[in-house]
Structure formats: structure tokens, C-alpha cells
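# A closer look at the structure
Here are the chains, one letter per residue:
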Amino acid sequence: MKKEIRIQSLENSGRLKWMGGLYYSFEEQDYHDFSITYDTMAFGHNTKYNWPGNRSTKTMAAFGQVTVPIAGSLDFTAGLRCERVNKELDYRHYDTRTDTGERLSSVEWSREEDWDALLPKAVLSWRMNKDAMTYFSVSQGDLAGGLNANGDDKETAKFDEQTSLNYEIGAKTAFLDNRLFFNAAKAHSQGIELELKARPLQGLDISTAFGWTDAEFDEYKNYTGKTPKQMPAYTFNLGIQYRVPCGFFVRGEMEGLGRTYYDEANTIKQDAFQLYHAKIGYEASNWDVYLYCNNLLDKEYFSSMSFGRFSVAEPRTFGVLASVQIHDSAKKINRVVIGLAKFMVCSFYKSGSGYETAFNFLLG
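Residues numbered from 1 in each chain as written. Predicted model: local features only at pLDDT ≥ 70, side-chain atom pairs only at ≥ 80, totals over all residues. Heavy atoms only, no water.

## Quick word on the pairing of strand E15 (residues 234-243)
The test is simple: Strands are labelled as partners when DSSP assigns at least two bridges between them. A run of H or I in DSSP counts as a helix once it spans at least four residues, and a run of E counts as a strand once it spans at least two, with each numbered from the N terminus.
In this sheet, E15 lies alongside strand E14 (residues 204-213) in antiparallel orientation, the contact comprising nine bridges. Looking at E15, one finds that Trp 212 is bridged to Tyr 234. The hairpin turn running from E15 into strand E16 (residues 248-257), its antiparallel successor, is four residues long, and Gly 247 in that turn takes a positive phi close to 120 degrees.

What follows is the structure in C-alpha cells.
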């Protein structure tokens with residue numbers, strides 16, 4: 001659940017602009033059966049290892065910023081975000097005989113921790129003309145710590161937050177009568193982001209983005225110089241869409257992720273891979289409906305790792321989605337998305353006897 005309330009200056013209030021608001025989110029993961037069974041017949045029985053844990057994250061924040069003109073086309077923006085992150089973990093680990101159901105061992109503990117952060121930001125921007133703007137920003141970054149569910153020891157479960165001081169210089173430009181847009185930014189953490197949008201023909205839209213990060217631990221136990229886990233070396237995407245005037249459209253997408261490590265020692269990794277998606281549908285002024293297919297080539301890959309186990313991402317997935325725009329009393333547009341059907345087919349889920357094909361059909 002995520003909720004945000006914000007108030008801001010009017011669009012036509014001139015170059016002096018302000019904004020403020022409140023943010024709240026709550027996320028919970030409940031693992032009733034997060035188990036794996038091993039062949040331990042050498043001891044006279046097989047053993048089921050289960051981690052039926054529960055974790056939750058609650059984030060509360062207040063934020064605001066103001067932009068004031070300095071001279072000519074030069075503006076200065078100052079912002080501040082005050083944030084508190086609360087995390088709870090109920091850890092459970094049970095080892096059970098599969099033949100009798102006898103519990104061989106168990107570990108149970110709970111822990112709750114808070115992390116507070118005060119995050120300022122300053123931006124100096126210069127609008128060279130109506131189609132080009134450059135900027136320089138300095139901001140404080142913070143990634144809250146957490147509670148590690150990969151081990152039985154409660155005392156060593158907590159890990160600290162990560163902080164950073166971010167410098168960014170970039171440009172946003174538009175060319176060819178607003179048919180070509182280019183964004184670029186570079187940060188001192190040895191990263192770069194590029195974004196390009198173009199409309200070479202009426203109805204034909206092309207967009208692409210690329211991000212590269214070269215991150216490593218400066219000081220962290222015995223892992224100095226190692227890459228943080230679950231951080232792809234690069235990400236990119238390319239999308240091409242064609243829309244005819246009557247409303248029908250077709251779209252193809254390609255996305256890629258670079259090599260990703262899943263442990264601090266960088267011994268468990270997933271190599272770079274690409275995914276392909278497609279959709280076809282109809283768009284009206286305030287509603288649309290389309291058929292989509294994600295992971296067209298049925299690529300097998302891991303989406304995350306938690307409780308010491310990998311989560312396999314969705315296989316080739318077909319579905320039908322519809323959305324409608326509703327105007328409220330404040331003339332704000334709210335978009336409601338309705339999932340009409342979802343169909344998944346895969347051939348790579350591994351069972352005890354080999355690989356099985358799984359089918360999943362949902363109506364909603």
C-alpha cells in the first residue's frame with residue numbers, strides 16, 4: 001500500500017514554485033510455506049527444511065522543495081525530505097521428517113528496527129532556451145538498513161543503512177520540432193544514465209534508455225572491493241510503438257540487465273540477459289484495452305533472492321488489460337486498471353523428478 005498527499009504552487013504562478021507533501025507505504029511478505037525437501041535417506045528419512053517467515057516494511061516521510069529565480073534564466077531549487085523506515089522480521093526455521101512429521105529442530109525469533117534519515121537536495125538549473133536546459137545538483141542519499149533472513153542468528157541479522165553524497169550534472173534537450181528528446185546525467189558514483197525519445201514519423205514513437213553503475217564496497221567486513229548484491233552492472237530498454245489515427249496500436253519492447261551478484265562475496269551470480277515483450281490494442285480518449293505477452297522467448301531467470309532462496313521470475317505470460325480514466329471533483333485524472341485475464345506457460349520449473357510444465361490461468 002502506498003499513499004502520497006502533496007500540495008504545490010499553480011502551473012501559471014511564474015518561476016517561483018513550491019511543493020510539499022506526506023508519504024506513507026506499507027509492504028508485507030508472509031511465507032506460510034517456504035520449504036525445500038532434501039534426500040537424507042542415509043539417516044532413514046527425507047528432511048523438509050522450511051522458513052515460514054514474515055517481514056514488513058513501513059515508510060513515513062515528509063518532504064518539500066522550493067524553486068526561486070536568481071538571475072536571467074538561472075533558477076535555484078532547495079528541497080528536504082525527512083524519512084523514517086520501520087522493519088519487522090518474524091524468523092522461523094523448522095526441520096521436519098517427511099515420513100512421520102516429527103520436528104527435528106526449530107528456530108524462532110522476532111526483531112524490529114527503525115532507521116531515520118534527513119535528506120537535503122540543491123539544484124542549480126539554467127534554461128538556455130525553450131528546448132534546452134542544463135543542471136547541476138547535490139543531494140544526500142540514504143538506503144535504509146534491514147534484517148537479514150538468511151541465517152538463524154538473531155544478533156547478527158541487522159545490517160546498517162547505506163548513505164551517499166550524490167553529484168549530478170546533466171542536460172535535457174528537444175530537437176526536430178519536439179520530435180526528438182535527449183536526457184543525460186552522470187553521477188560521481190561512476191554511473192551514467194542516458195535517455196532518448198524520438199518520433200520520426202506521425203504515429204511512430206521510439207524510446208530507449210541506458211544506465212550503467214560501477215559500485216563496490218569501500219569498507220565492509222572482508223568484502224572490500226566487491227560489488228553490492230542484486231545490483232545489475234547495467235540496465236537498458238528499447239521500445240518501438242506504432243499507433244494509427246483510429247486508435248489501434250502495436251508495441252514491441254526489449255530490456256536487458258547486466259551481470260548481477262546475489263551474495264557479498266560475489267560467488268553467486270546471474271549473467272547478463274535480455275527479455276522481449278509485445279502488446280497490441282486499442283486506445284480511446286479515456287479508456288484502452290490491449291493484449292500483451294511478456295517474456296516472449298520464455299527466458300528462465302531469477303528475479304530476487306530472499307530467505308536464502310531464489311525467486312524464479314514469471315515465464316512467458318499472456319494477458320488482457322483494460323484501463324479507464326476517471327475525473328474526480330478536483331478535475332484530477334485517476335487511472336483504473338482492470339486485469340481481464342492472465343495466462344502463464346512455462347517449461348522450466350524444477351520438481352523432484354525433473355522439469356515440469358506449469359499452466360496458470362487467472363480471471364479478474
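Okay, back to it.
## A short note on the pattern of salt bridges
Condition: Definition used for salt bridges: Asp or Glu carboxyl oxygen within 4 Å of a side-chain nitrogen of Lys or Arg.
Taken as a whole, this structure holds 12 salt bridges when the rule is applied. Between Glu 113 and Lys 158 there is a salt bridge, with its nearest N and O atoms 3.5 Å apart. In this pair, Glu 113 sits in strand E7 (residues 103-129) while Lys 158 sits in strand E10 (residues 158-159), placing the two residues 45 residues apart along the sequence. When salt bridges with common partners are traced through the structure, they connect Arg 111, Glu 113 and Lys 158 into a single cluster.

## Structural notes on the environment of Pro 120
Worth spelling out the cut-off: We call a residue buried when its accessible area falls under 20% of the maximum for its residue type, exposed when it is over 50%, and partly exposed in between, using a 1.4 Å probe and counting protein chains only. Contacts are assigned to residue pairs that have any heavy atoms within 4.5 Å of one another.
Mapping Pro 120 onto the fold places it in strand E7. The class for Pro 120 is partly exposed, based on a relative accessible area of 41%. A sequence separation of 56 residues divides Pro 120 from Gly 64, and the C-alpha atoms of the two residues are 9.8 Å apart. The residues touching Pro 120, leaving out its near neighbours within four places in the chain, are Gly 79, Leu 80, Val 138, Ser 139 and Gln 140.

## Notes on unusual backbone geometry
A positive phi is found at Gln 230, a non-glycine position, where the angle reads about 55 degrees. Mapped onto the elements of the fold, Gln 230 is located in the loop between E14 and E15. On the basis of relative accessibility, which here comes to 35%, the residue Gln 230 falls in the partly exposed class. Not every positive phi belongs to a glycine, and Asp 298 is a case in point at roughly 55 degrees. Along the chain, Asp 298 falls in the loop between strand E20 (287-294) and strand E21 (302-306). For Asp 298, a relative accessible area of 15% translates into the label buried.

## Focus: the packing of aromatic side chains
For any pair of aromatic rings, geometry is given as the distance between the ring centres together with the angle between the planes. Threshold: Stacked, edge-to-face and tilted labels apply to pairs of Phe, Tyr and Trp rings (six-membered ring for Trp) whose centres lie within 6.5 Å, assigned for plane angles under 30 degrees, over 60, and everything in between, in that order. Consider the ring centre and the ring normal. A charge sits over the ring if Lys NZ or Arg CZ is within 6 Å of that centre and within 35 degrees of that normal.
According to the stated counting rule, one finds 10 aromatic pairs in the structure shown. Here a set of aromatic residues connected by ring pairs shows up, and it is made of Phe 210, Tyr 234 and Phe 236. The ring of Tyr 23 has Arg 81 sitting right over it, with the charged end atom 5.5 Å from the ring centre. When the ring centre of Tyr 290 is taken as reference, the NZ or CZ atom of Lys 279 above it lies at 4.3 Å.

## Thoughts on the environment of Asn 150
Along the chain, the position of Asn 150 falls in the loop between strand E9 (146-147) and E10. Using a relative accessible area of 40% as the deciding quantity, one classes Asn 150 as partly exposed. For the pair Asn 150 and Trp 51, spaced 99 residues apart in sequence, the C-alpha to C-alpha distance is 9.6 Å.

## Looking at the side chain of Thr 77
Convention followed: We define a polar contact as two N or O atoms separated by no more than 3.5 Å, with the added condition that, inside protein, one atom must be a possible hydrogen donor and the other a possible acceptor, whereas residues neighbouring each other in sequence contribute only through side-chain atom pairs.
Its place among the elements puts Thr 77 in strand E6 (residues 74-97). On the basis of relative accessibility, which here comes to 12%, the residue Thr 77 falls in the buried class. For Thr 77, the side chain forms a polar contact with the side chain of Thr 67, separated by 2.8 Å. Residues contacting Thr 77, with those up to four places away along its chain left out, are Gln 65, Val 66, Thr 67, Lys 121, Ala 122 and Val 123.

## Structural notes on the pairing of strand E19 (residues 273-283)
Bridge analysis of E16 against E19 gives 10 bridges, and the strand direction is antiparallel. Bridging from a neighbouring strand, Gly 252 pairs with Ala 278 of E19. Relative to E20, E19 runs antiparallel, the two being bridged by six bridges. If you follow Tyr 282 over to E20, its bridge partner there is Val 289.

## Things to note about the confidence of the model for the chain
The predicted coordinates ought not to be read in detail in places where the model reports low pLDDT. Heads up, the condition is: The quantity known as pLDDT measures the predictor's confidence residue by residue, on a range of 0 to 100.
Residue-level pLDDT values for the chain average 83, and 83% of them are 70 or greater. When mean pLDDT is taken per element in the chain, E16 scores highest with 96 and strand E25 (residues 354-363) scores lowest with 40. In this model residues 346-364 is a low-confidence stretch, pLDDT under 50, and it forms 44 contacts with partners more than four residues away in sequence or in other chains.

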